[in-house]
Amino acid sequence: MSPEQAVSADDLEMMGVALEAAATSRLLSPPNPWVGCVVVSGDGSVHRGSTRRPGGNHAEREALDAAGLSAQGATLYSTLEPCSHHGRTGPCTDAIIEAGIATVVVGLVDPDPNVAGTGLEQLRNAGIEVVTGVRSAEVEAQLEPYLHHRRTGRPYVVSKMAATLDGRTAAADGTSQWITGPEARADAHRLRAESDAILVGAGTVRTDDPRLTVRGVDAPDGKPVREPLRVVLGKAPAEAAVHPCLELDGSLDGILDDLGQRGVVQLMIEGGAGVSGTFHREGFVDRYVIYLAPALMGGDDGLSLLSGRGAASIDDVFRGVIDAVRLVGDDVRIDLVPNS
């Protein structure tokens, strides 16, 4: 890996442009990685590309198509190592070599076993200069769910919860709509759109009869966003709105392995408190997204965020790292990740 402090200011700037391009692909490319690419021609012109929906172009081919003949002798920046194998599309390394690219700058090596350094090796063997590790920490953060899936074979698990400031998700009579405001609910739909599957317990299905669909989120290509796979732990009533869904039983270990093999890169847990509590206690949550409303339930008879047995003492309390805090309308969104 090239030390980041040794690369040029232009390299850092152009990888930043590639990161911005990658962000536009987040709702399109999964289960493929959301990658951004920039081709900088000899005359200084900049040509951007990002990965399309599965079966469409990868970011490198998009940027090369935009560059055309000016790709000859140019520098290509890609947030992730270009692929070197045949899938639904041909290898991006072939396109890069054929275009006459002189230098390739990469943010991160792809851990996918089909790539895993072979793309960079092919480029070097073709006489192309390769620089790696540019803004790698930012690329790692942007691609965290994809990288987790490729490294572990399991989905990246996001547990989404909403509560009052005193930690209650529902009143004593079970009512919970709506604790948060419309902006927070819209933000949660964006989370759904970014996820390949949404999981709830059969109890939540019986109580709330959720549809678990994405609403109010537009894909950047103007087409409808893909709907995530709906997963129910247990058996959903035949008339439930969640159908068609995947009904699963068994250990969470086995369920996560199953979903990983189905290509689920990011799994969103929407509860209820029992399912969320079980995933939490078994250590399977990679990110907690908690929306806090400016409200107080005002007692101890409301429902808590996580049900089941909690920490026996203060020494056993789960402590993570607050990764982000931001206002979403009148509510606060807190992103919490486990300690490394």
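Scroll up to find the structure this text is about.
A quick note: this is a predicted structure, and the numbers were derived from the prediction, not measured.

### Thoughts on the sheet that holds strand E15 (residues 331-338)
- The 8 strands lie next to each other as E10-E9-E8-E11-E6-E12-E15-E14, forming an open sheet whose pairing is mixed. In this open sheet, the two strands that pair with only one neighbour each are strand E10 (246-248) and strand E14 (320-328). Across this sheet, the average inter-strand angle for adjacent strands is 25°, counted without regard to direction.
- Sheet topology note: the strand E8 (residues 197-201)/strand E9 (residues 229-233) ladder contains 5 bridges and is parallel. Note that in E9 the partner of Val 200 across the bridge is Val 232.

### As for the pairing of strand E12 (residues 287-293)
- A large share of E12 lies buried, amounting to 7 of its 7 residues.
- Neither face of E12 is open: one carries Arg 287, Val 289, Tyr 291 and Ala 293, the other Tyr 288, Ile 290 and Leu 292, and all of them are buried.
- Pairing geometry for E12 and E15, over 5 bridges, is antiparallel. Looking at the pairing, Tyr 291 lines up with Arg 333 of E15.

### Section: the layout of surface pockets
- There is about 800 Å³ of room inside the second largest pocket.
- Contributing to the lining of the second largest pocket are 31 residues, with Ala 141, Glu 144, Pro 145, Tyr 156 and Arg 287 lying nearest its centre.
- Counting only elements with at least two residues in the lining of the second largest pocket, the list comes to helix H5 (136-142), helix H6 (144-152), strand E6 (156-164), helix H7 (182-194), E12, E14 and E15.
- Here the residues of the lining of the second largest pocket sort into 14 nonpolar, 5 polar and 12 charged.

### A closer look at the sheet that holds strand E5 (residues 129-132)
- Strand order across the open sheet formed by 5 strands is E2-E1-E3-E4-E5, with mixed pairing between neighbours. Taken across any chain shown, the strands that pair with only one partner, and hence form the sheet edges, are strand E2 (46-50) and E5. Neighbour-to-neighbour, the strand axes of the sheet open up by a mean angle of 15°, direction not taken into account.
- Pairing of strand E1 (residues 36-40) with strand E3 (residues 75-80) involves 4 bridges; the strand directions are antiparallel. Paired with Val 40 across the bridge in E3 is Thr 75.
- Packing of helix H1 (residues 9-23) onto the sheet brings it into contact with E1, E2, E3 and strand E4 (103-108), and relative to E3 it is tilted by some 55°.

The rules behind these values
- Residues numbered from 1 in each chain as written.
- Predicted model: local features only at pLDDT ≥ 70, side-chain atom pairs only at ≥ 80, totals over all residues.
- Heavy atoms only, no water.
- Pairing = 2+ DSSP bridges.
- Helix = DSSP H or I, 4+ residues; strand = E, 2+ residues; numbered from the N terminus.
- Axes fitted to C-alpha atoms, helices over the stretch in contact; angles between N-to-C directions.
- Buried < 20%, exposed > 50% of the residue type's maximum accessible area, 1.4 Å probe, protein only.
- 1 Å grid on protein atoms, 1.4 Å probe; cavity = no way out; pocket = protein on both sides within 12 Å on 5 of 7 lines; lining within 4 Å.
- Points joined across faces, edges and corners; volume = space filled by probe spheres on them.
- Nonpolar A, V, L, I, M, F, W, Y, C, P; charged D, E, K, R; others polar.
- Contact = heavy atoms within 4.5 Å.

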